[in-house]
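Next come the chains, spelled out residue by residue.
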Amino acid sequence: MKFSWNWLSDWVDLAGRPVSEVANRFTMTVAELEGVEAVGEGLRGVVVGRIATVGQHPNADKLKTVTVDLGGGRVVSGVSGAPNLVVGALVPVALPGVMLPGGNEVRATEIRGVPSGVVLLSEREMALSDDHSGVMILQPRDLSRRCFAGVTSDDASGLPFADGDDFPADLLASLPGKPLVDVVDVEDHVFEVDNKSLTHRPDLWGHHGLAREIAAMLGLPLKPLSDTFPVGPDAAIPVQVDSPIDCPRYMAMAYAGVSIAVSPFAVRHRLRAVGLRPINNVVDITNYVMMAVGQPVHSFDQRQLTGGQIVVRRALETEPFRLLDGRDLALSGEDLVIADALRPVALAGVMGGENSGIADDTVSVVLECATFNPSRVRRTAVRYGVRTDSSARFEKSLDPNLPPCAMAMFTSMLSAMSPGAHPTSRPADFASFSRQAVHIRLDPAFVSRRLGMDVPADRTRSILEHLGFLVSEEGGVFDVVVPSWRATKDVRIPEDLLEEIGRVIGYDQVPPLAPMAAVALVARLPRREMLATLRPVLAAECGLDEVMTYSFDSRALVTRLSFEPPDALALVNPISADAATMRTDLAPNLLGCVERNSARFPDAGIFEVGRVFRATVDTEGVPKQPYHLGVVAWRRLAKGRDESEALFRRVKGALLHLFGRLDLADAVIEDDFEGERRPWMHPNATVAVKVGATVVGSMGLVHPATMQALETPGVAVLAEIDIEALVVAPRKRRVFSPVPRFPSITNDLSLVAADDVRAGTLAAAIRLGGGPSLAAVELVAVYSGPPIPDGRRSLSFRMTFTAPDRTLSDVEVKEAIVRIVAHARAAGASMWGDEGSQES
Amino acid sequence: MPLGCYKSAVLDAGNPGMDELLREALGEVAEATTIATVKDVEVRWLGKKGRLTSLLKELGGLPPESRKARGAELNSFKQAVEQAVESRRIEVTRAEADDRARAERIDPTLPGHSMAAGRLHPLTRIVAEVEDLFERMGFHILDYPEAEREYFNFDGLNIPADHPARDTQDTFYLPGGNVLRTHTSPGQVRAMRGLTPPFRAIFPGRVYRCEATDASHEHTFHQVEGLMIDRSVSIANMLSSMMTLLEGVFRRKVEVRLRPGFFPFVEPGFELDLRCMVCGGDGCPVCKRSGWVELLPCGLVQPNVIRAGGLDPDEWEGWAFGLGLSRLVMMRYGIDDIRWLMAGDLRFARQF
C-alpha cells in the first residue's frame, strides 16, 4: 500500500519534519517501509501565469497567440496549440531557460513567424499525468493549504479548497508569478509499505489511521475525522439486512443533481500518487474516501436500483452476476450480495456490478458505507480470484464506526466537485454491532518483566493514551479500554499492549539479557544421530558428493522412466502439471542428476538424504514420509562386465563401509532382491540390502532401458535405503579381540570357473573347506581373457591361516588347502593349469 | 674428539708407553671416514687378533703385584678406544646420510594428489553448524513432518481459517487436511506437546511455498525454527539469545535491531535486522542502502499458541524465532542464485 505525505498532512502537521526521519521512525515503530518515492520533482522553474489575451495565429489555423500575466506588471507573449485557452485562466508556464522533467529545456523560439517567449504546459509536459489534451488549468480546489494562511477549512475531506467555480479575488491577483510548487501540492513523497506488514492493523488502511499512528509516534495532535453531514428531506432508502453477522452495519444515502466530470487536478494527483487511476468525479471520490478514511464505499446509479430498495442477502446458488470489469460469475450461496428488489447489484465488499455502476449520464447516486464480515468477503474474493482494494480492507475486520465518517467526506466532496449535487434522503443506517468497549487488565509490572527493562507505570500509561487507549488505575493495575479502531481483533490481550508500549519506547532501548535456564541433558533423536554420521561418512570417506533435489516427482521424468509411482501423494494445487505429486522414491530425481551431470562428469557418484512421501497416512492423519538414502554412481561409456562389476563393487563397498561406521550388525548385499520392483531395476543384477534379517533397501545396476531413456551411454549403479529401517536395526557393540600371539600364514589360490559361478559361492566353499584355522578369505583379483577360455574367469583368493594357541605347521596348512580345493571343485571351480582335465 | 679425558686417565695410570699407544689408536679412529674403515680400525685394535687383545694376553705372564695395575691400565685404554670408535661411527653414518641427501632430489612444484573425498551439500554444513551451536547451549534438535496437518501449520499457530495471514504464505495443499508446511513453525506446537517444560529446542528442515522460482525465490527452501519455553521469558532474553546465535553463526560481534513485525504466532512480533556486514552500515546494494539486512523474524510466543501446545499460558512463556537457512547459505558462500541449492549439479556440489 502506498500513502502520501501531503495527504497525511491533512490531519497531522508534518511541516518542517525531514521525510527520511519520519520514514525511519515509521519503520522502527509501525512497519517496514519498502520505499519512499518523490513525486512531482523537477518543476521548480514552473510559475503560475494568468492568460491575459488569446488571439488567432496569423499563419496557422490551429495555433493561437497568447499573452500571459506573470504579476507585478510583467507580461510575456507566446504561441500555443492548446484548444482550451480561456482568458483569465490560471495556468502553469515555463520561461526560456527552464528545465522540464524529462530533461527538455524551454527555449525562446519563433513559431510560424511569430516569436514565442513562454510555454503553457499540459499535465503530461510536467510529467504529472498522461493528459496532453490541453494546457493545465488550475481550479480553486487545486490550491495548496499554504495559499490559505490562517484559514482552516471545515471541509470533511480535510482539503482546504474553496467551493464553487471562482477563485477569491485576492488570490486571483496574487497568484500570477508564483512558483507552481508553492501554489499547488504537486511535490509529494509517497511511502510504500508491504500489505503483508499491515495484515493485523485494520486501522492503517487509510491515511487518517496512518496519520493517527504518526501523530502518536511524534507526539503531535491529530485532526479528527468529521462524522456529521447534511442530509436530504426524503425518507431513508429501505435497507434490509438478512444477517447482522454477515453485515453488522449498512448505511446508504441518495444524492441528486450530480454531473459526471473530470476530477480536479489535486484529487487526481493524490489518487495517482497512491497508485489509483482517476476515472470520473464520483468514482474518484469513492476511491479518495477509501484511501483517506480506510473505509471502502460504493456508489450506485440510483436509476438502476429496481424498486428503490437495498437487500443485503446471500446469493442464490449459481445466481448469475456480471462484475464491473465485465467478468461473469455464477455465484454461490456462500457469497454475500447487495441486491435491489430483483437482482444483485454488487458482490458485497468486493466489487460492484456492471448493471448499476456510475455512467457518464448518471445524475442521482446512492452511496453505500457498510461493514461486512471479514471471512465472508475474503472467501468470496478468493473464490473468484477478485482481490480488490475494497476486499483487502474488509477482510482485515474494519471498525464499524467508520461508515459515518466516510459518508461525511463523500457528501462534502460531492457537493464541491459536482456543484449542485446534494443529498435527497436521510441516511439509512442498519447497525447491529456491539458498542461495548474491549477492556484489558494490565499490570504495569508485566510490561517491565516481559520487556526485560524497567518501564515506569506512568510511562506505560502515557504511551497508551497517546495511541488512543483509555487508561484508569485501580490498586496499581490498569484497566485499559481499547479504541474502537483497534478493537475489532487486533488488540485483545496484555501481550498486545506490551507491543504498543515496546515499539513506542523503541526496542533499541532493551538491554540484551541472557536467560537463566535449568541445566539438563538433552536427548538426541536416534535418526538425527544417524544422519549426522551418515552424511560425512558417505562424502568424506566414500567419495560421494551430496546433492539435494526437489521433493516433487517430475511427471516428464517418471514417464520417461516408465514409472507409475504407487501410493503417490498428489498435491491439490501443484505449481505446475509436471510437479504434481510428491516423490515416492529418491531414485527418479537422482537418475535425473545422472542425466544432467554425466556429460560433464563421466565418472562420479552422488547421494541424497531426504524424505519420500506416501498417500497413506499415519494415525494422526499425516502422510507417511520416511527418510531415504539414495546413492547413484555412474561411468559414462563404460561397457562390459568388468566395468559394471567395478562400479557395483564401488557402491557396495561404500554401503558396507557406511554400515560398519554405523555399527550395524551383519550387513549383507548379495542376495537377490525380491521386493516390489521398479522399472529402473536390472532384472538379474539387483540385490537386497540386508541388515541382519531385515531388508532395508535395494541396490543394483540401472536397467539398460533406463540408461537409454536418460540418454546416458554407460552404466550406473543405484541403491535406495530406508533410513527408518536402519535406525531401528540392531547394532553391534565394538569389542576388542586379542591380537594373535602366533604368526599367521597366507596363501593365494587362483580358481577358474564358469562366468555364472559367483565369487560369493566360491568364497563360501573356501571357508567351508578351510575349517577353524582359516581366519580370513579375501578376493584379490578377477581376470578373464587369454589364456582363460571364453566363458570362464579366474578368481584369486588370499587366505590367512592362524591358530590361537600355536604356530600352524606347513602340513596343517597344506591339508587345509587340499580340503579347500576339493570344496572349490565341488562348487564348480578348477585350478589354474588343470583346465584340460576339467574340460575333458 | 675429547681426547684429553682418556689421555689423563691413562697417564694417571703412570705408564708413558700407553700414552703413545692411545695416541696412535685414536689417530687411526679419527682418520677413518667410512663405516667400513671404522670397522677395520675397531678390528685392528679391539678384535680377537687385535693389538689390545694381544696386550691383554700378556697379563697372565706378569707378576701378581703389577698385574692388577696393568689390567686397570689396559681396561681404561680399551674403554677409550671403544668410545672413540662408537662416536666416530655415529659421525661417519651421519656424514654418509648427509651425502646421500645431497644427491637426492624431488620436484616440490608437482601438484598434490587430490583426495577422492566427496563434498557435503552446503546446507548440510550450515545445518550442522547451527545444530552444534544450539546443542552446546542445551537445545533439543528436533525434526517434524514436511507434509503436515493444516492444524499445526496454521490453526495451532493462531492463524485460523480465513485469517488474512494465510495469504502471505502461498500454500501447497494436500488431501485430507494436510499441507506442505510453509514454515518450520508447526514444530512449536509439536515441541510443546512432546517435551516437558521448561525446554529449548530448534527444528530445522525443508519448507515449501507455492510460488514461482527465480534467482531469489524457490518453492522449496530450508529454515530453522527455535523455541524456548520457561516460566518467565522476556524480550531482553530473546535478544540476548539471538545475538548469541548470530555471533556463533557469523563468528564475530554483530549489531542487531528489532523492529515490529507481524506474525500471528508471536506477540509482540519482530523483524530482527543485522547491521550490513558488506558495507558496515554505510549503505550498499546488499542492504538496499539502508545499512541493515532483514535477517530473522522472532517474538514472544502468543498465548494461544502456548495453549495449542497443551500448556497454560499463565504458567509458561516463551520466545521463538525462524531463520532462513537457504538465505544464510547464500550469504555465507556468496551464492547468487537460490536455485543452485536444489539443482543436483556437480558443478555446484563440488565447490564445497
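Counting from 1, residues in each chain are numbered in the order their sequence is written. Chain labels run from A onward and ligand labels from 1 onward, assigned in the order the entries are written. Under the rules for a predicted model, residues below a pLDDT of 70 receive no local features and side-chain atom pairs below 80 are neither given nor counted, while totals for whole chains, interfaces and linings still include all residues. Heavy atoms from the whole structure form the basis of all side-chain values; hydrogens and water molecules are not counted.

Let us look at the overall build of chain A. For helices the rule is a DSSP run of H or I covering at least 4 residues; for strands it is a run of E covering at least 2, with both sets numbered from the N terminus onward. Each helix and strand counted, chain A has 22 helices and 38 strands in total. Here chain A has a C-alpha radius of gyration of 42 Å; the compact-globule value for 840 residues is 28 Å, and the former is much larger. Its C-alpha atoms put chain A at 135 × 85 × 60 Å along the principal axes. Think of it in three bands: with a 1.4 Å probe and only protein chains considered, a residue is buried below 20% of the maximum accessible area for its type, exposed above 50%, and partly exposed in between. Expressed as a percentage of the 840 residues in chain A, the buried residues total 53%. The contact criterion used throughout is that any non-hydrogen atoms of two residues lie within 4.5 Å. Sequence separation of at least 24 residues holds for 71% of the intrachain contacts in chain A that already meet a minimum separation of 6. Charge convention: Lys and Arg are scored as positive, Asp and Glu as negative, and His as well as the terminal groups of each chain are ignored. Where a charge lies is defined by one atom per residue type: Lys uses NZ, Arg uses CZ, Asp uses CG and Glu uses CD. For chain A, the distance from the average site of its 85 positive side-chain charges to the average site of its 104 negative ones is 4 Å. Using C-alpha atoms as the atom set, the radius of gyration is obtained and then compared with a globule rule of 2.2 Å times the number of residues to the power 0.38.

A separate point is the interface of chain A and chain B. On the chain B side, the residues contacting the 84 residues of chain A number 84 residues. Both sides together, the interface formed by chain A and chain B hides about 7,000 Å², and carbon and sulfur atoms give 56% of it. The largest share of the area that chain A buries against chain B comes from R450(A), M548(A) and Y550(A), three residues that together contribute 11% of it. Definition used for salt bridges: Asp or Glu carboxyl oxygen within 4 Å of a side-chain nitrogen of Lys or Arg. The interface formed by chain A and chain B contains 12 salt bridges. Polar contact is the term for a pair of N or O atoms within 3.5 Å; when the atoms are in protein, one must be able to donate a hydrogen and the other to accept it, and sequence-neighboring residues count only if both atoms are side-chain atoms. One can count 40 residue pairs in polar contact (both at pLDDT 80 or more) joining chain A with chain B. By convention, the term buried area covers the 1.4 Å-probe accessible surface removed from two parts as they join, with the contributions of both added.

To continue, consider the sheet that holds strand 3 (residues 173-174) of chain B. Within a beta sheet, neighbouring strands are joined by backbone hydrogen bonds and run either parallel or antiparallel to one another. The pairing criterion for strands is at least two bridges between them, as found by DSSP. An order of 2-4-3 (chain B) is seen for the three strands of this open sheet, with the pairing classed as antiparallel. Two strands close off the open sheet at either side, each with one partner strand: strand 2 (147-149) and strand 3 of chain B.

The domain boundaries here were taken from an automatic or database domain assignment. Domains assigned within chain B are domain 1 (4-103) and domain 2 (122-349). Computed over C-alpha atoms, the centres of domain 1 of chain B and domain 2 of chain B are 84 Å apart.

Glancing now at the packing of helix 3 (residues 35-46) of chain B against helix 5 (residues 64-103) of chain B. Residues and elements named next belong to chain B. Axis geometry follows a simple rule: fit a line to the C-alpha atoms, using only the stretch in contact for helices, then measure angles between N-to-C directions, giving values from 0 to 180 degrees. Remark: helix 3 packs on helix 5, axes separated minimally by 9 Å, with the N-to-C direction vectors making an angle of 170°. With respect to helix 5, the axis of helix 3 lies roughly antiparallel. Taken together, the residues of helix 5 that come into contact with helix 3 (itself represented by I35, V38, K39, E42, W45 and L46) are F77, K78, V81, E82, V85, R88, R89, V92, T93 and E96. Throughout this entry, Asp, Glu, Lys and Arg are counted as charged residues, while Ala, Val, Leu, Ile, Met, Phe, Trp, Tyr, Cys and Pro are counted as nonpolar. The remaining residues, Gly among them, count as polar. In terms of residue class, the contact of helix 3 with helix 5 is built from eight nonpolar, one polar and seven charged. We call two directions roughly parallel when the angle between them is under 35 degrees, roughly antiparallel when it is over 145, roughly perpendicular when it lies between 65 and 115, and oblique otherwise.

So, on to empty space enclosed by the protein. Residues and elements named next belong to chain A. The definitions used throughout rest on a 1 Å grid laid over the protein atoms alone, on which a cavity is an enclosed set of points accommodating a 1.4 Å probe that cannot get out and a pocket is an open set flanked by protein within 12 Å on both sides along at least five of seven lines; lining residues are those having an atom within 4 Å of a point. Grid points are joined across faces, edges and corners, and a volume is the space filled by probe spheres set on the points. In this structure the tally under the stated criterion is six cavities of 30 Å³ or more. Approximately 60 Å³ is the volume found for the second largest cavity. R25, T29, E213, A216, M217, L467, R503 and V504 are the residues that line the second largest cavity. The element best represented in the lining of the second largest cavity is helix 5 (residues 207-218), accounting for three residues.

On to the confidence of the model for chain A. Note: pLDDT gives the predictor's confidence per residue, expressed from 0 to 100. On average, residues of chain A score 92 in pLDDT, and 97% of them are at 70 or above. pLDDT under 50 marks residues 836-840 of chain A. Its contacts with residues more than four places away, or in other chains, come to four contacts.

Turning our attention to the sheet that holds strand 9 (residues 292-301) of chain B. All names here are of chain B. Taken together, the seven strands give an open sheet; going across it, the order is 1-5-6-10-9-8-7, and neighbouring strands pair in mixed fashion. Across the chains shown, the open sheet's two edge strands, defined by having one partner strand only, are strand 1 (140-141) and strand 7 (256-260). Bridge count for strand 6 (residues 220-230) against strand 10 (residues 317-324) is eight bridges, and the pairing is antiparallel. Paired with E225 across the bridge in strand 10 is G322.

Backbone torsion omega between P197(B) and P198(B) reads 0°, so that peptide bond is classified as cis. Here P198(B) shows up in the loop between helix 8 (186-194) and strand 5 (199-208). Here E267(B) and P268(B) are connected by a cis peptide whose omega angle stands at -5°. Among the structural elements, P268(B) can be located in strand 8 (residues 266-275). Non-glycine residue R112(A) carries a positive phi angle of around 45°. Looking at where R112(A) falls in the secondary structure, it is placed in the loop between strand 7 (109-111) and strand 8 (114-116).

Counted by the stated rule, this structure contains 82 salt bridges over all chains. The partner of E42(B) in a salt bridge is R89(B), and the shortest N-O contact between them spans 2.7 Å. Of this pair, E42(B) sits in helix 3 while R89(B) sits in helix 5, and the two are 47 residues apart along the sequence. The salt bridge partner of R257(B) is D273(B), with a shortest N-O separation of 2.7 Å. One end of the pair, R257(B), is in strand 7; the other, D273(B), is in strand 8, and 16 residues separate them in sequence. Accessibility classification places R257(B) together with D273(B) in one group, the buried group. Several salt bridges converge on common partners, so that one network encompasses R201(A), D203(A), E213(A), R486(A), D490(A), E500(A) and R503(A).

Okay, helix 9 (residues 235-250) of chain B next. All names here are of chain B. Helices are assigned an expected span. That span is 1.5 Å times one less than the residue count. The terminal C-alpha atoms of helix 9, which comprises 16 residues, lie 22 Å apart, in line with the 22 Å expected from a rise of 1.5 Å per residue. With respect to burial, helix 9 is a largely interior element, 13 of its 16 residues being buried. Capping the start of helix 9 is the job of one residue whose side-chain oxygen sits 3.3 Å from the backbone nitrogen of A236: S234. Looking at the residues trailing helix 9, positive phi occurs at R251, about 55°.

Residues and elements named next belong to chain A. Note on ring pairs: Phe, Tyr and Trp rings are taken, using the six-membered ring of Trp, and paired if centres are within 6.5 Å. Classes follow the plane angle, with under 30 degrees stacked, over 60 edge-to-face and the rest tilted. Counted under the stated rule, the structure contains 22 aromatic pairs over all chains. Ring centres of W7 and Y288 lie 4.5 Å apart, and the angle between their planes is 35°; on these two criteria the pair is classed as tilted. Residue W7 is found in helix 1 (residues 5-8), and its partner Y288 is found in helix 7 (residues 281-293); the two are separated by 281 residues along the sequence. Among the aromatic residues, ring-to-ring pairing joins F3, W5, F26 and F191 into one connected group.

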